[in-house]
Amino acid sequence: MNRMFFGDTRDLFKFDLVRHIMKAFPDLLNFTFVPMLTEEVSATGTRKTRAKDLGLAQKKGRAGTQNVDLMETMGRLQEIDDDLEYFHGVRSYFKKEHIIVDVLHRDTFSHEHRVNYFNKMFENFPVNSLIFLDPDTGLEVKNPTRRHLLFDEVKKIFDRMDHQSVLIIYQHLPRVTRAGYIQKRCRELAALTHSQPETITDNEIVFFILIKNPQLKTRLCAVLGDYADRYNTLISCDYGEKP
């Protein structure tokens, strides 16, 4: 994630989806947030304003806009420049929802120190948790930078994960055919983990969701479908099974 977009519409979608899944799976002990926080990068004024326009998001029926408390929280987070205050605001929101949040690595993420970053995660690996990996852009590309999550990192985390946990990966959608891109990424993740990911997307970002337990996976798709039914901008579980 990037500091410039604290509290934007993607944060809104992300945290509302996490809340929905945590409520649907009450046996999950906590929400483990791995922010992969990067330094600010320049963005056009129009892009930044549009991403943070919660009123416009509400008019368009964007994901999360039915959650009044979260909408108010996102508005407050947009006014925050300090990382610790931002994470405190996220924790405070989920505390009201009776969801425990463990924020791993509040420090800035860098490509050069990514090994140490994830090694610290393995020192006290989360159990029975919703683990959310939040790279600035998404999964590895040909020439990855600090904005990307490497496939090797995904594999190590998934392999270590227990059968009751859920792994979610954030992905920004590039300007290509959406369905084809998501299908390609699903095939890559399936080959890597030997588990078919579920997906939910608003055609701007997509979340890839991996789970080991087959019974929980079946429930997960139903839970995602229920969430997508609330917002006509969303598509869920439509890409992972296609060749």
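What you see is a predicted model, and the numbers here were worked out from it, not measured in a lab.

Trainee: A description of the packing of helix 4 (residues 68-77) against helix 5 (residues 83-96) should follow, citing residues and the corresponding values.
Mentor: With their axes 10 Å apart at the nearest point, helix 4 and helix 5 run at an angle of 170° to one another. As the angle between them shows, helix 4 and helix 5 are arranged roughly antiparallel. Residues Asp 69, Leu 70, Thr 73, Arg 76 and Leu 77 of helix 4 lie in contact with helix 5, whose contacting residues are Tyr 86, Gly 89, Val 90, Tyr 93 and Lys 96. Considering only residue class, the contact of helix 4 with helix 5 consists of 5 nonpolar, 2 polar and 3 charged.

Trainee: Explain the pattern of salt bridges to me, using residue names and the numbers behind them.
Mentor: Tallied over the full model, the rule gives 16 salt bridges. A salt bridge links Lys 184 to Glu 188, with the shortest nitrogen-to-oxygen separation between them at 2.8 Å. Within this pair, Lys 184 and its partner Glu 188 are both found in helix 8 (residues 178-193), separated by 4 residues, close to a single helical turn. For Asp 226, the salt bridge goes to Arg 230, with nearest N and O atoms at 3.5 Å. Judged by relative accessible area, which is 37%, Asp 226 ranks as partly exposed. Its relative accessible area of 42% is what places Arg 230 among the partly exposed residues. It is possible to trace a salt-bridge network through shared partners that takes in Arg 10, Arg 62, Asp 202 and Glu 204.

Cut-offs used in this document
Note that residues are indexed from 1 along each chain, following the sequence as it is written. This being a predicted model, a pLDDT of at least 70 is required before a residue's local features are given, and a value of 80 or more before pairs of side-chain atoms are given or counted; all residues contribute to the totals for chains, interfaces and linings. The basis for every side-chain value is the complete set of heavy atoms in the structure, and neither hydrogens nor water enter the calculation. Only the stretch in contact is used when a helix axis is fitted, and all axes are lines through C-alpha atoms; the angle between N-to-C directions ranges over 0 to 180 degrees. Secondary structure is summarised from DSSP: a helix means a run of H or I of at least four residues, a strand means a run of E of at least two, and numbering begins at the N terminus for each. Oblique is the label for any angle not covered by the other classes, which are roughly parallel (under 35 degrees), roughly antiparallel (over 145) and roughly perpendicular (65 to 115). Residues are treated as being in contact if the distance between any of their heavy atoms lies within 4.5 Å. Following the grouping adopted for this structure description, the nonpolar residues are Ala, Val, Leu, Ile, Met, Phe, Trp, Tyr, Cys and Pro, the charged ones are Asp, Glu, Lys and Arg, and the polar ones are all others, Gly among them. A carboxyl oxygen of Asp or Glu within 4 Å of a side-chain nitrogen of Lys or Arg is what we treat as a salt bridge. For the exposure calls, accessible area comes from a 1.4 Å probe over protein chains only, and a residue counts as buried if that area is under 20% of its type's maximum, exposed if over 50%, partly exposed in between.

Function cannot be inferred from these measures alone, as they are strictly geometric.
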